[in-house]
Amino acid sequence: MPSCPPAKTEVLIVGGGAAGWLTAAVLSATHNLDEGVLAQQPRVQVTVLESPDVPTIGVGEGTWPSMRQTLKLIGLSETEFFRCCDVSAKQGSLFVDWLKPGSSYLHPFTLPSGWPEFNLAACWLPFATDIAFADAVTTQYQLSRAGFAPRLPQAPDYQPVLNYGYHLNAGKFTALLQRHCQDKLGVRYIPAHLKEVVLRGDGAIDKLLAMPAGRNDLAAYQADLYVDCTGMQSLLLGQALKTPLNSVKHILFNDRALAVQVPYPDAQTPIASNTISTAQHSGWVWDIGLPTRRGVGFVYASDYCSDDEADACLRSYLTQSAGAELAAAAEPRKLQFQPGYRNGCWQQNCVAVGMAAGFIEPLEASALALVEWSAKTLAAALPLDVALYPLAAAKMNRTFLRHWQQIIEFLKLHYVLSERDTPYWRAHRETASIPQTLQDQLQLWQQQVPQPLDFAYQDLLFPAASYQYVLYGMGALTQTLAAKPSQQAKARALFAQNYQDLTKLQQLLPDNRQLLQQLAMKN
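Residues numbered from 1 in each chain as written. Predicted model: local features only at pLDDT ≥ 70, side-chain atom pairs only at ≥ 80, totals over all residues. Heavy atoms only, no water.

Our next topic: the overall build of the protein chain. The helix and strand tally for the protein chain stands at 17 helices and 23 strands. Against the globule reference of 24 Å for 523 residues, the protein chain gives a C-alpha radius of gyration of 23 Å, in line with a compact fold. Once the C-alpha set of the protein chain is aligned to its principal axes, its extents read approximately 70 × 50 × 50 Å. In the protein chain, buried positions account for 56% of the 523 residues. Residue pairs in contact within the protein chain that sit at least 24 positions apart in sequence constitute 76% of those at least 6 positions apart. Put simply, the protein chain shows about 22,300 Å² of open surface, and 52% of that area lies on carbon and sulfur atoms. (Helix = DSSP H or I, 4+ residues; strand = E, 2+ residues; numbered from the N terminus. Rg over C-alpha atoms; globule rule 2.2 N^0.38 Å. Buried < 20%, exposed > 50% of the residue type's maximum accessible area, 1.4 Å probe, protein only. Contact = heavy atoms within 4.5 Å. Areas by Shrake-Rupley, 256 points an atom, 1.4 Å probe, with all protein chains shown as cover.)

Here we come to the environment of Val 470. The topology assignment puts Val 470 in helix α15 (residues 464–473). The contact partners of Val 470, leaving out residues within four places of it in the chain, are Tyr 105, Glu 364, Phe 410, Leu 413, His 414 and Leu 417.

Another point: the state of the cysteines. Evaluation of the coordinates by the stated rule reveals 0 disulfides. Of the cysteine sulfurs around Cys 84, a residue in no disulfide, the closest is that of Cys 85, at 5.8 Å. Relative accessible area serves as the criterion here: at 28%, Cys 84 is assigned to the partly exposed category. (Disulfide = S-S within 2.5 Å.)

With that settled, consider the packing of helix α11 (residues 367–381) against helix α12 (residues 389–416). Remark: α11 packs on α12, axes separated minimally by 11 Å, with the N-to-C direction vectors making an angle of 165°. Classified by the interaxial angle, the pair formed by α11 and α12 is roughly antiparallel. For the crossing formed where α11 meets α12, the hand is right-handed. On α12, the residues touching Leu 370, Trp 373, Ser 374, Thr 377, Leu 378 and Ala 381 of α11 are Ala 392, Met 396, Thr 399, Phe 400, His 403, Trp 404 and Ile 407. Its residues assigned to classes, the contact of α11 with α12 comprises 9 nonpolar, 4 polar and no charged. (Axes fitted to C-alpha atoms, helices over the stretch in contact; angles between N-to-C directions. Parallel < 35°, antiparallel > 145°, perpendicular 65-115°, else oblique. Left-handed = near helix turned anticlockwise from the far one by under 90°. Nonpolar A, V, L, I, M, F, W, Y, C, P; charged D, E, K, R; others polar.)

As a further point, take the sheet that holds strand β14 (residues 245–247). Across the sheet, 3 strands lie side by side as β14-β20-β23; this open sheet has antiparallel pairing. Only two strands of the sheet have a single partner each, and these edge strands are β14 and β23 (358–359). Summarising the sheet, β14 and strand β20 (residues 340–342) pair through 3 bridges and their orientation is antiparallel. Note on β20: the bridge partner recorded for Ser 247 is Gly 340. The sheet contacts of α12 involve β20 and β23, and relative to β20 the element is tilted by about 180°. (Pairing = 2+ DSSP bridges.)

Turning our attention to the packing of helix α2 (residues 66–73) against α11. Between α2 and α11, whose axes approach to 10 Å, the crossing angle comes to 45°. Taken together, the axes of α2 and α11 lie oblique to each other. Both α2 and α11 take part in a crossing whose hand is left-handed. Taken together, the residues of α11 that come into contact with α2 (itself represented by Ser 66, Met 67, Gln 69, Thr 70 and Leu 73) are Leu 368, Glu 372 and Lys 376. By residue class, the composition of the contact of α2 with α11 is 3 nonpolar, 3 polar and 2 charged.

What follows is about the packing of aromatic side chains. A complete count under the given rule lists 32 aromatic pairs for this structure. Between the aromatic rings of Trp 98 and Trp 284, the centroid separation amounts to 6.4 Å while the plane-to-plane angle is 50°, which identifies the pairing as tilted. Placement of the pair is Trp 98 in the loop between β7 (92–96) and β8 (104–108) and Trp 284 in strand β17 (residues 283–289), with a sequence separation of 186 residues. Assigned by exposure class, Trp 98 and Trp 284 land together as buried. Each residue in the set Phe 95, Trp 98, Tyr 105, Phe 253, Trp 284, Trp 286, Tyr 304, Tyr 415, Tyr 424 and Trp 425 is aromatic and connected to the rest through ring pairs, giving one cluster. Over the ring of Tyr 164 we find Arg 68, and its NZ or CZ is 4.6 Å from the ring centre. Positioned above the aromatic ring of Tyr 457 is the side chain of Arg 402, whose terminal nitrogen or guanidinium carbon lies 4.5 Å from the ring centre. (Phe/Tyr/Trp six-rings, centres within 6.5 Å; stacked < 30°, edge-to-face > 60°. Lys NZ or Arg CZ within 6 Å of the ring centre and 35° of its normal.)

Attention now goes to the side chain of Thr 70. Residue placement: Thr 70 occurs in helix α2. Within polar-contact distance, the side chain of Thr 70 engages the side chain of Glu 372 at 2.5 Å. When residues no more than four places from it in sequence are discounted, the contact partners of Thr 70 are Leu 22, Val 26, Glu 372 and Lys 376. (Polar contact = N/O pair within 3.5 Å; in protein donor to acceptor, adjacent residues only side chain to side chain.)

A few words now on the environment of Trp 98. Judged by relative accessible area, which is 0%, Trp 98 ranks as buried. Sequence separation between Trp 98 and Trp 284 is 186 residues, and the spatial gap between their C-alpha atoms is 8.7 Å. Separated by 3.1 Å, the side chains of Trp 98 and Ser 277 make a polar contact.

Tracing the sequence through the fold places Gln 441 in helix α14 (residues 436–444). With a relative accessible area of 8%, Gln 441 lands in the buried category. With sequence-adjacent residues up to four places away left out, Gln 441 is seen in contact with Asp 454 and Phe 455.

So, about helix α9 (residues 307–322). The end-to-end C-alpha distance of α9, which contains 16 residues, comes to 22 Å, matching closely the 22 Å that a straight helix rising 1.5 Å per residue would cover. Taken together, the buried positions of α9 are Ala 310, Cys 313, Leu 314, Tyr 317 and Leu 318. On an axial view of α9, the arc spanned by its buried residues comes to 135°, and they lie on one face. Facing away from the buried side of α9 by over 90 degrees, the exposed positions are Asp 308 and Gln 320. Next to the buried residues of α9 lie β15 (256–263), β16 (275–280), β17, β18 (293–300) and α10 (324–329). Following α9 by one or two positions, Gly 323 adopts a phi angle in the positive range, close to 110°. (Expected span 1.5 Å × (residues − 1). Arc of directions from axis to C-beta.)

This next bit is on the nonpolar core. Of all hydrophobic cores here, the largest spans 153 residues; its most connected members are Phe 81, Tyr 166 and Phe 173. It is α12 that contributes the most residues to this core, 13 residues altogether. If you look at the next biggest cluster of nonpolar residues, it comprises 15 residues, including Val 260, Tyr 300, Cys 305 and Leu 318. (Core = buried A, V, L, I, M, F, W, Y, C linked by side-chain atoms within 4.5 Å.)

Below you can see the structure in the form of C-alpha cells.
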C-alpha cells in the first residue's frame, strides 16, 4: 500500500511570467493559506527559479471570467489588480468581417437567459433576421458594444453585474503576482539562469543546474516535483523529457504574429469592452483596449502571407483605426510559434503549464485559462506520495488532451463558417482540414441546436452556449421544428425580461473609463 502523503512537498517552478507566478500563487494559496493566514509550516513549499533576463511580450492580454475566481482564491484585491496592471474589464469577443466584409457578431461571456435549464436558441430562430442571437438572449450584446462597464465601482471586489474577465498588461500582471507570492504566500524566488536538466536512470528529473544571478558558478536545485513554465522552449517537458509536440498546423494554419502598442489620442478615449478580432486577407487582427493604450497584433499563416505582406496589413489596420502618422511610426515585434500541444502535460515528476505545454493561437484567449486549469488541477492533486504520481499524471493528461481537442475544434469552427473568398479562408473550409468530430457536429446542428449533451464530457472549457454564439453569429442557422407553445411562452418572458433589464442597466452602469476612475479613488 502507498504511504501517507508527505508532510511537505517541494515544488520547483522553472520560469516565471504570468504562467509561473500564477501557478505558484494557486499552489501556495490552496495549501498554505487559511482564511488569509499563511501557515507557519507549509504543506507545499513553492519555489520559482526564473531567469531575470527573459523579457515579457507585454502587448496586452485577455482573460476569461474564471480569472476572477482565481485572483480571489490567491487573496489578491481586485481594486489593487485594476490599479497596478493597466486592467480594463473584458466582456467577450467582437468578431468583425469574419463571415464576410461588413459583418460582425459578439461572443459574450454572459450565458443566454435561462441557461442551461432552458435553451432559448430554438425559440430565437424564427426571428433570426430581425435580431442578432446574442442581442436576443443577453443584455451584454448592447451594453458591451456601447462601452458600459460590467460592474459597479462601489460593489465588493469580484462582484459582477454582467459576467466579465479582464484585459491587462501582462508585464505588470507578472510583477504584481511576483510581489504577492513573495510577500503574502511564502513563495521563494531564485533569480538564476537554467543551464542543465540532469535526469535519473529511470528518466525522471534528478536536479537542475543553474547559474544564480551575479555569480559565475553553477548551483544544483532539487525538488519533489518540477513545473515547466519556460514558454515555447519547453526546456523540461519538451527538451529534457522529450515529450513530443502534436502539431495542428494542418488544421489551424497560423504560425506568426506581429504585435504593437498603440497610444490613445487622448486620456478620455473610450475603452472597448470586448477584444476586437477583425478578419483579414490571410489572418486576423486582435485589438485589446487597456486604460492607457491598445494592444494590437496581426496573426497570420506564413504559408499564405509573407512577413512584408503581414506588416502592410497591420499598418493598413492601424491607419484606419489610429491614423497614418502612428501607423507609419509603428515598430511591430515579430512572434513565431508552432501551433500544437505536448502529448501530455505531466510526465514523470514534471508538469508543464502554459506555453511549455502547448500553444495554438490567441483566438478566444484560451492561454491564461489553461494556465488556471493546470494550476488548480495540480493543486488538487498535491500533496501526493511520489509512488502515486503516475496515477495523478494519467488523470490530468486525459483531461489535458480533451481540453486541447475542444480548443482546436472550437477555434476551427470560426474559420469553417466563414464565406471569405481567399486561398487562406478557402483552405480552412476544405474537408481534409476539419476534424471529423466537428464535421459530425456541424451536420447535427443543421437540425438540432447545440446543447450540453452534444459533448462527450461535461467539464468543458467552452460551453455549448459558446458554440451557439459563434454558429448563429456567423449566420449558420438550424432548421428545426417549432418550439412547443409552453416553451414559446417561457421564451417570450425571458426575451421581455432581457429588454427590461437592459433599460435598467443602461441607467445604472458607468462606462469603462468611469469605472476605472472611481476605482482609483476607492479606499
